[in-house]
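Topology and contacts: notes
For reference, the chains in residue letters:
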Amino acid sequence: MRLAVLTSGGDCPGLNAVIRAVVRTASTEFGDTVVGYEDGWVGLMDDRRRDLYDDAEIDRILLRGGTILGTGRLHPDRFKNGLDQIRSNMEDAGVDALIAIGGEGTLKGAKFLSDNGIPVVGVPKTIDNDVNATDYTFGFDTAVSVATDAIDRLHTTAESHNRILIVEVMGRHVGWIALHAGMAGGAHYTVIPEEPFDIADVCKAMERRFQMGEKYGIICVAEGALPAEGTMDFEAGGVDQYGHQTFNGIGQVIGSEIKNRTGYDVRTTVLGHIQRGGTPTAYDRVLATRYGVHAARAAHRGESGKCVALHGENIELVDLAEAVGKLKTVPQGRYTTARALFG
Ligand code: F6P
């Protein structure tokens, strides 16, 4: 049997661990061969591919961030119009089944192919941890570790200068990274997209700290956070050519607003793509490897329209339909728990 693998959408630490596990499992358990398509769906449509061998080179990519295959984004319309091209490219390459590694958008694409008779198994990835069907996506733990390390470092400089420091982390539609990094790093307030914030409440929490004799504050802000209606002026971003949300620097805007309202010295740090780069944590390597092994086995068995997912301790197969159409947002109770530590 011949399997194909591709990585699509924003990269994240652990993609190479999945690729390695797919290639090794395909080879050692089944004697299957594997081909990798370059730059996600674009490479599949343009028939840019290379054979991946179970050799020393593939063995060493476990620690490597990014993706050796490259990744890319494709407009959904171009993708849909390319169905025949994809089908004939896969037939020409002798590919029996495809393993598509990506976030919600990629899994939607995988479902579309599967609905149209092309065998596909999905592997959920994203640092945002917002794929609905699984407890965790790999990449998230690494992003949280990077953001937590940044917050740890901000504490000492904030305290030395009697400042409020704001750290803006990724999280387009959901606040998982902000919630976890804010809690792990002991931030004094965290704002997430799911819970529109009142700037007056944020200022009050900071003032309370200073009144109690503390001389600094750390605020963790998800990039997609928005003020509650009528509480503060803010022009939300638009959408890019792929229909993805763009941002207008909410961290910076919150910083200026706090400075204007309280007079405190405020600075903002935007972590950006630092959270997505570099070597995956041990947790992400293990999760990504388990996903890769199970995806290779499922593809070899002839499963299609399915996605590997973590449920509790176990890796299970779920319908791709469960993984798309709805994001896994932070439940209100989790935010209420975080709130107990604000101020
Ligand atoms: O979806 C993952 C993510 O890292 C988001 O947190 C972030 O908003 C987005 O990708 C950034 O994407 P780009 O690579 O287009 O800058």
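Residues numbered from 1 in each chain as written. Predicted model: local features only at pLDDT ≥ 70, side-chain atom pairs only at ≥ 80, totals over all residues. Heavy atoms only, no water.

1. Examining the sheet that holds strand β8 (residues 217-222)
Here 4 strands make up an open sheet; going across it, the order is β7-β8-β6-β9 and the pairing parallel. Across the chains shown, the open sheet's two edge strands, defined by having one partner strand only, are β7 (189-191) and β9 (266-270). On average, each strand axis in the sheet is tilted by 20 degrees relative to the strand beside it, whichever way the strands run. For β7 and β8, the ladder comprises 3 bridges, and the chain directions are parallel. Within β8, the residue paired with threonine 190 across the bridge is cysteine 220. Where helix α7 (residues 140-161) meets the sheet, it contacts β6 (164-169), β8 and β9, and its direction lies at approximately 165 degrees from that of β6. Of the strands in this sheet, β6, β7, β8 and β9 are in contact with helix α10 (residues 250-262), which crosses β6 at around 160 degrees. (Pairing = 2+ DSSP bridges. Helix = DSSP H or I, 4+ residues; strand = E, 2+ residues; numbered from the N terminus. Axes fitted to C-alpha atoms, helices over the stretch in contact; angles between N-to-C directions. Contact = heavy atoms within 4.5 Å.)

2. A look at helix α9 (residues 199-211)
Between its first and last C-alpha atoms α9 spans 18 Å; for 13 residues at 1.5 Å apiece the expected length is 18 Å, and the two agree. The secondary structure elements touched by the buried residues of α9 are β6, β7, β8 and α10. Phi turns positive one or two residues past the end of α9, at glycine 213, with a value near 100 degrees. (Expected span 1.5 Å × (residues − 1).)

3. Quick word on the side chain of aspartate 32
Within the secondary structure layout, aspartate 32 lies in the loop between α1 (15-30) and β2 (33-37). Although buried, aspartate 32 forms no salt bridge, and the nearest oppositely charged side chain, arginine 2, lies 9.9 Å from it. At a separation of 2.5 Å, a polar atom in the side chain of aspartate 32 contacts the side chain of histidine 300. The residues contacting aspartate 32, other than those within four sequence positions of it, are Met1, Leu3, Ala26, Ser27 and His300. (Buried < 20%, exposed > 50% of the residue type's maximum accessible area, 1.4 Å probe, protein only. Lys, Arg positive; Asp, Glu negative; His and termini not counted. Salt bridge = Lys/Arg side-chain N within 4 Å of Asp/Glu carboxyl O. Polar contact = N/O pair within 3.5 Å; in protein donor to acceptor, adjacent residues only side chain to side chain.)

4. So, the state of the cysteines
Tallied over the entire structure, the rule returns 0 disulfides. Cysteine 203 takes part in no disulfide bond, and the closest cysteine sulfur to it belongs to cysteine 220, at a distance of 17 Å. Residue cysteine 307 stays outside any disulfide, its sulfur separated by 13 Å from that of cysteine 12, the closest cysteine. (Disulfide = S-S within 2.5 Å.)

5. Observations concerning the site of the ligand
Taken together, Arg73, Ile127, Asp128, Met170, Gly171, Arg172, Glu223, Phe247, His273 and Arg276 form the complete shell of residues around the ligand. Measuring from an oxygen atom of the ligand, one finds a side-chain N or O atom of histidine 273 at 2.8 Å. Starting from 400 Å² of accessible surface for the ligand in isolation, the protein chains cover 78%. Here the residues of the shell around the ligand sort into 3 nonpolar, 2 polar and 5 charged. (Near = heavy atom within 4 Å. Areas by Shrake-Rupley, 256 points an atom, 1.4 Å probe, with all protein chains shown as cover. Nonpolar A, V, L, I, M, F, W, Y, C, P; charged D, E, K, R; others polar.)

6. Regarding the sheet that holds strand β10 (residues 306-311)
Strand order in this open sheet of 7 strands is β3-β2-β1-β4-β5-β10-β11, and the pairing throughout is mixed. Because the sheet does not close on itself, it has two edges, and the strands there are β3 (49-52) and β11 (314-319). Averaged over all neighbouring strand pairs, the angle between strand axes comes to 30 degrees, with direction disregarded. Bridge count between strand β4 (residues 97-102) and strand β5 (residues 120-124): 5 bridges; the pairing is parallel. Pairing of isoleucine 99 across the sheet is with valine 121, part of β5.

7. Some remarks on the packing of α7 against helix α8 (residues 176-184)
Contact pair α7 / α8: the axes reach a minimum separation of 8 Å and the direction vectors enclose 45 degrees. The pairing of α7 with α8 is recorded here as oblique in orientation. Where α7 crosses over α8, the handedness of that crossing is right-handed. Residue-level contacts link Phe140, Ala143, Val144, Ala147, Thr148 and Ile151 of α7 to Trp176, Ile177, His180, Ala181, Gly182 and Ala184 of α8. Each residue belonging to the contact of α7 with α8 can be placed in one class, and the counts come to 9 nonpolar, 3 polar and no charged. (Parallel < 35°, antiparallel > 145°, perpendicular 65-115°, else oblique. Left-handed = near helix turned anticlockwise from the far one by under 90°.)

8. Examining the pattern of salt bridges
Taken as a whole and assessed by the stated rule, the structure comprises 22 salt bridges. Arginine 276 serves as the salt-bridge partner of aspartate 11, at 3.0 Å between the closest nitrogen and oxygen. On the criterion of sequence distance, the pair formed by aspartate 11 in the loop between β1 (2-7) and α1 and arginine 276 in the loop between β9 and α11 (282-301) is long-range, its members being 265 residues apart. Lysine 306 is the salt-bridge partner of aspartate 319, the closest N and O atoms lying 2.8 Å from each other. Of the two residues, aspartate 319 sits in strand β11 while lysine 306 sits in strand β10, which places them 13 residues apart along the sequence.

9. Concerning the UniProt feature "active site" (unreviewed entry) in the protein chain
Residues annotated by UniProt as "active site" (unreviewed entry) correspond here to Asp128. For aspartate 128, the position within the fold is in the loop between β5 and α7. By relative accessible area, which is 11% here, aspartate 128 ends up buried. (UniProt positions renumbered as here; feature names shortened; annotations may be inferred.)

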